Amino acid sequence: MPASPLALLLLAALGTIWGVTPAVGKLAVGDGIGPVGYALFYTAAAAAILAAISWVRREIPPADAAALGFYVGAGLLGSAVPGTLVFVTLQHLPAGVLAMVIPASPLLTFLLAAAAGLERATRRRAVGVVLALAGTTLALSPGAVLPAGGSVAWAALSGLIPACYAASNLFAVRFRPPAAPPLVLAAGTLAASVLWLVPAALAFGQARLPDADAATALALIQGMLQAAAYLIYFRLLTHQGGVFVSQVGYVIVLTGLFWGWVFFAEIPGALALPAAVLIFAGLALATRPARPAPA
């Protein structure tokens, strides 16, 4: 079914929010708040916003064993771990790096799905994965979005972020409660993510209310953006499917590089353009649905 104009608009909004997330987080962490504490604070703000909306609309998340298991797994894989990694690695990397790394998520999703027998591995998709991952590797090399002398080790660690999102995508497809509306799924997932982040923040000594400063304001903004992003994500996943949602990678690359330039004057090197071309070409090949077999 062709995507509606509303679906395309929501996809663009989702990519723009996810594209600006690294820049906002880098500003906040640079202002003194700890990365784990920041992830906890903005996630709690997002969960509170969605819980309030759920209460007003009388859409209460189901609390059966299957639903609780989904919240716990999705909160860990899709929010707590990658969200913390984003703000830890941003202390050592330009914001534009993550704009080129996060779009690897749909490609890794396809690889995991093919390995699990959930997706049909075709030559076209395999070539797409190779091209896009080559583009991501090129993007992480000095002379692209990683400046000369940048930490290759931290850049490599950032590769765990799309891996978490890929695992989360498969988890959502496999265990998502089929009758639950997007608002309920988003609220439950973020609430569970908070429960994961509390012990992590305690372990790192960052489980405290932040001071009323610029970092706190940024965390609140991040929480509102996160709440909106999760609502959009689950709506698109429910009504359009995972293949359509995977196209958000195009938007993340463009908006992420743009926000890195706006906030930090980050200017990618000469290798960034061929890296982006490889990523776009790989996404186009790997995420396009396979043609149905002839009857």
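Basis of the calculations
Residues numbered from 1 in each chain as written. Predicted model: local features only at pLDDT ≥ 70, side-chain atom pairs only at ≥ 80, totals over all residues. Heavy atoms only, no water. Helix = DSSP H or I, 4+ residues; strand = E, 2+ residues; numbered from the N terminus. Contact = heavy atoms within 4.5 Å. Expected span 1.5 Å × (residues − 1). Buried < 20%, exposed > 50% of the residue type's maximum accessible area, 1.4 Å probe, protein only. Phe/Tyr/Trp six-rings, centres within 6.5 Å; stacked < 30°, edge-to-face > 60°. Lys NZ or Arg CZ within 6 Å of the ring centre and 35° of its normal.

Student: Where do I start with the side chain of Ser 158 in this structure?
Tutor: One can find Ser 158 in the loop between helix H7 (152–157) and helix H8 (160–175). In this view, Ser 158 contacts Thr 89, Leu 93, Val 97, Leu 98, Val 101 and Leu 140; residues no more than four positions away in its chain are not counted.

Student: Help me out: how do you make sense of helix H2 (residues 35–56) in this one?
Tutor: Along an α-helix, a turn takes 3.6 residues, which lines up residues three or four apart on a common side. With 22 residues, H2 should cover 32 Å at 1.5 Å per step; its first-to-last C-alpha distance of 32 Å lies within 8% of that length. Backbone geometry just after H2 places Arg 58 at a positive phi near 55°.

Student: Honestly, unusual backbone geometry in this entry has me stumped. Any pointers?
Tutor: A negative phi angle characterises most non-glycine residues, just as the trans form characterises most peptide bonds. Phi is positive for Arg 58, close to 55°, though the residue is something other than glycine. Take Arg 58: its relative accessible area is 72%, and that puts it in the exposed class. Phi angles above zero are rare outside glycine, and Ala 265 is one such case at about 55°. Tracing the backbone through its elements, the reader meets Ala 265 in the loop between helix H12 (248–264) and helix H13 (272–287).

Student: Got a minute to help me understand the packing of aromatic side chains in this structure?
Tutor: The full count for this structure, using the stated rule, is 15 aromatic pairs. On the numbers, 6.5 Å between centres and 65° between planes, the contact of Phe 70 with Phe 234 is edge-to-face. Taken as a pair, Phe 70 in helix H3 (residues 65–89) and Phe 234 in helix H10 (residues 214–239) lie far apart in primary sequence, 164 residues in all. The class of Phe 70 is buried, set by a relative accessible area of 1%. What links up through ring pairs into an aromatic cluster is the set Trp 18, Phe 70, Tyr 71, Phe 171, Phe 175, Tyr 230, Tyr 233 and Phe 234. Positioned above the aromatic ring of Phe 264 is the side chain of Lys 26, whose terminal nitrogen or guanidinium carbon lies 5.9 Å from the ring centre. Directly above the aromatic system of Phe 175 lies the positively charged group of Arg 174, at a separation of 4.8 Å from the ring centroid.

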